[in-house]
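# Structural features, examined
Here are the chains, one letter per residue:
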Amino acid sequence: MFLTSAIGNLSYLGVSALVATLLSGYVVSMAVYRLFFHPLAKYPGPFWCKISGWPAHYHTSKQNRHVWLWSLQQQYGPTFRYTPDKLSVNTPTGLKEIYNPKANVGKGDYYGVYPRSPEAVTTWNTTSKETHNRKRRVMNNAFSDKALRNAEPFVHANLNRWCDLIKGEIDKNGGEWSGSLNMADWTSHLIFDILGDLCFGKCFDMKEHDSKLRYVPGLMIEFMAVTHPIAFSPLAAIWVWLKPRGLNSLLTLALPPALADWAGFVQKCFEERAKVEEDIKSQDKPESDIRKDFFHYLVSATDPNGKPSYGSDELFGESESLIIAGSDTTATSTAAATFYLVRNPEVQARLAAEVRQAFPSVEDIKGGDLLQKQCKYLQAFIKESLRMSPPTPADMPREIGPGGISIDGEYVPQGVVLSTCAFCLHHSKDLYDEPFTFRPERWIVGEKGSTVESVARADSGYMPFSAGPRSCPGKNLAYLEMSVVIAKLVHQFELRQDPKSGNLGGGSPDNIEGRREADQYQLYDIFVSMRYGPVVQFKRRA
Ligand code: HEM
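Residues numbered from 1 in each chain as written. Predicted model: local features only at pLDDT ≥ 70, side-chain atom pairs only at ≥ 80, totals over all residues. Heavy atoms only, no water.

### A word on the UniProt feature "binding site: heme" (unreviewed entry) in the chain
To keep things clear, this is the line we draw: UniProt positions are given in the numbering used here, feature names are shortened, and annotations may be inferred rather than shown by experiment. Residue exposure (1.4 Å probe, protein chains only): buried if accessible area is under 20% of the type maximum, exposed if over 50%, otherwise partly exposed. Only heavy atoms enter the contact rule, under which two residues are in contact if any of them lie within 4.5 Å.
When the UniProt feature table is mapped to this numbering, "binding site: heme" (unreviewed entry) covers Cys-472. Of the residues examined, Cys-472 reaches a relative accessible area of 32% and is grouped as partly exposed. Residues within four places of Cys-472 in sequence aside, it is in contact with Arg-136 and Phe-465.

Structure (structure tokens):
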């Protein structure tokens, strides 16, 4: 009664002053709590990051999240606080303890931002362990050794055609060096085509000069570039809360055109593929006629009652995740590999010699022990490319569950978000000598000072595919693709940087810390990565 009459007597200015005072009080007490009483108060980190998540959001929106985290590691050591409730733990034990099947952690709000509806959650973005177990079993079947053996011919068919197109570029230019080819685009077209074949049983034909689909990778980038900063913003929890309360419907109505086109492309991919499966079944064709692409494993998965496991929204979600996870990552690593080939001619020559000795004819190159175990320098080259430029370069956040967790011997309570960051670990001076120098020999015992201990130390921080139950199921496919692409390239061609392309793709001394090495392939974090160049010319190898 007294309060109502007091408020009734206040002027407009008085009410504003009261609200401002209450708000400031809240902000100040929250800041004091976060600085001095929060469970993460004892960890080092920038002042503003301890009281607010906006500095981290700023660097995310600039696509520099991984580089920024690395610069904090330089300043504060491997373990630091970078938002009020997030701790980055860039140590080999941190990596093991956070990302293992028994760790008391799960995916949280970051991932909850992505699904377009509750039914469209995927293997990648589900926050439920139960749902993940169910989905991951299906995914593991799709990536089994047998499934990969069935998939390999399609990788070669696309790759051989791509190499023929490169030869066409050489011939068009007079038969010696080709014109200048931007490998960010060329590798993207190749890997998208392979993914189309392996996932939906149909190559997208993006590598063909008359392709009408070359705009699609740009749509996907736009989707990630918009969604990733939202998912890492301090408003992510509110966003996730609002999604089933009207936000999803609003987004369906008011989606920016590029994002709507992207959703349309994914929808078309999975509807066309679902129709093929239906047609085959209705025509009672033999089992052997069915292409065992990834989609086949999803569409034929059944629950314990024999009913299809995946509804159409879920199939949409999985298709979208697979296109992004399976194409952009491998395209980035392949573009990065061509960058390191042209920047390191002596490495390129040694690779060519190794591959040509193992496979006298380019047609003989195929996955298996000879390529993937005995070609040691090739495998070291791939590892070094993925170390220097990991395609998912920043943090993979994991939220601690009830009861907390012990990390590097320290107790951290429920609700805190932990992560390691691939770019930080991969550029840690404690694990790698000269971490910004490209040196495949660091992975081979006995070469240029590498010892059993130094290689084991390097391995302990190597995490391009993450680790544990949510690590990448496509890892073996990615290694297979990279191995055959690089082997077939160096077997047939010499590659050189277009002299007129300047330092496209590399770092620059006047850039921010972490982006200053001219010979490091630069990634722009959108959870996966945007990249530019390198611009490469090709010549037939004598
Ligand atoms: C160089 C290539 C690749 C890299 C560096 C890479 C990296 C990763 C990483 C770091 C994760 C963990 C993401 C997280 O914790 O949020 C992941 C998950 C995943 N990747 Fe890959 N990936 C690659 C290729 C592929 C390919 C070729 C496919 C499939 C065609 C694929 C499918 C997936 C899926 C479905 C997940 C979600 C797994 C789960 O949550 O259980 N990836 N990948």
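Moving on from the coordinates now.
### Focus on the side chain of Gln-520
We apply this condition: Only DSSP runs of H or I with at least four residues qualify as helices, and only runs of E with at least two residues qualify as strands; both kinds are numbered from the N terminus onward. Polar contact is defined as a pair of N or O atoms within 3.5 Å, subject to the rule that within protein one atom must be able to donate a hydrogen and the other to accept it, and that residues adjacent in sequence are counted only when both atoms are side-chain atoms.
Within the fold, Gln-520 resides in the loop between strand S9 (493-497) and strand S10 (524-526). You can call Gln-520 buried: its relative accessible area is 1%. In this structure the side chain of Gln-520 is engaged in a polar contact, spanning 2.9 Å, whose partner is the side chain of His-427. Apart from the residues lying within four places of it in its own chain, the contact partners of Gln-520 are Phe-339, Tyr-340, Met-388, Phe-423, His-427, Phe-436, Gly-505, Gly-506, Gly-507 and Gly-514.

### Focus on unusual backbone geometry
A cis geometry characterises the amide bond from Gly-533 onward to Pro-534, with omega recorded as 5 degrees. Tracing the chain through its elements places Pro-534 in the loop between strand S11 (528-530) and strand S12 (535-540). In this structure, Gln-63 takes a positive phi of about 65 degrees despite not being glycine. Relative to the assigned elements, Gln-63 resides in the loop between helix H4 (54-61) and helix H5 (65-76).

### Things to note about the UniProt feature "transmembrane region" (unreviewed entry) in the chain
In this numbering, the UniProt entry assigns the feature "transmembrane region" (unreviewed entry) to residues 12-33. Along residues 12-33, the helical share is 100% and the strand share 0%, with 31 Å between the first and last C-alpha atoms.

### As for the sheet that holds S12
The test is simple: Two strands are said to pair when DSSP picks up at least two bridges between them.
The sheet built from three strands is open, its strands ordered S4-S12-S9 with antiparallel pairing. Looking at strand neighbours, the two that pair on one side only are strand S4 (181-182) and S9, the edges of this open sheet. In this structure, S9 lies alongside S12, joined through five bridges in antiparallel fashion. Paired with Gln-497 across the strands is Val-536, a residue of S12.

### What to know about helix H21 (residues 452-460)
Applied cut-off: The arc refers to the directions leading from the helix axis to the C-beta atoms.
Within H21, the full set of buried residues consists of Ser-454, Val-455 and Ala-458. In an axial view of H21, the angular spread of the buried residues amounts to 100 degrees, which keeps them on one side of the axis. Across from the buried face of H21, at angles greater than 90 degrees, the exposed residues are Val-452 and Glu-453.

### Details of the packing of helix H19 (residues 376-388) against helix H22 (residues 475-492)
Selection criterion: Axis angles are defined between N-to-C directions and span 0 to 180 degrees, where every axis is a line fitted to C-alpha atoms and, for a helix, only to the segment in contact. Take the far helix as the reference: if the near one is turned anticlockwise from it by less than a right angle, the crossing is left-handed, and if turned clockwise, right-handed. Note that Gly is not counted as nonpolar here; it falls among the polar residues with everything else outside the nonpolar set of Ala, Val, Leu, Ile, Met, Phe, Trp, Tyr, Cys and Pro and the charged set of Asp, Glu, Lys and Arg.
Between H19 and H22, the least distance of the axes is 10 Å, while the angle of their chain directions is 115 degrees. In terms of crossing hand, the pair formed by H19 and H22 is right-handed. Facing Leu-378, Gln-379, Phe-381, Ile-382, Lys-383 and Leu-386 of H19, the residues of H22 in contact are Tyr-479, Met-482, Ser-483, Ile-486 and Ala-487. Split into classes, the residues belonging to the contact of H19 with H22 amount to eight nonpolar, two polar and one charged.

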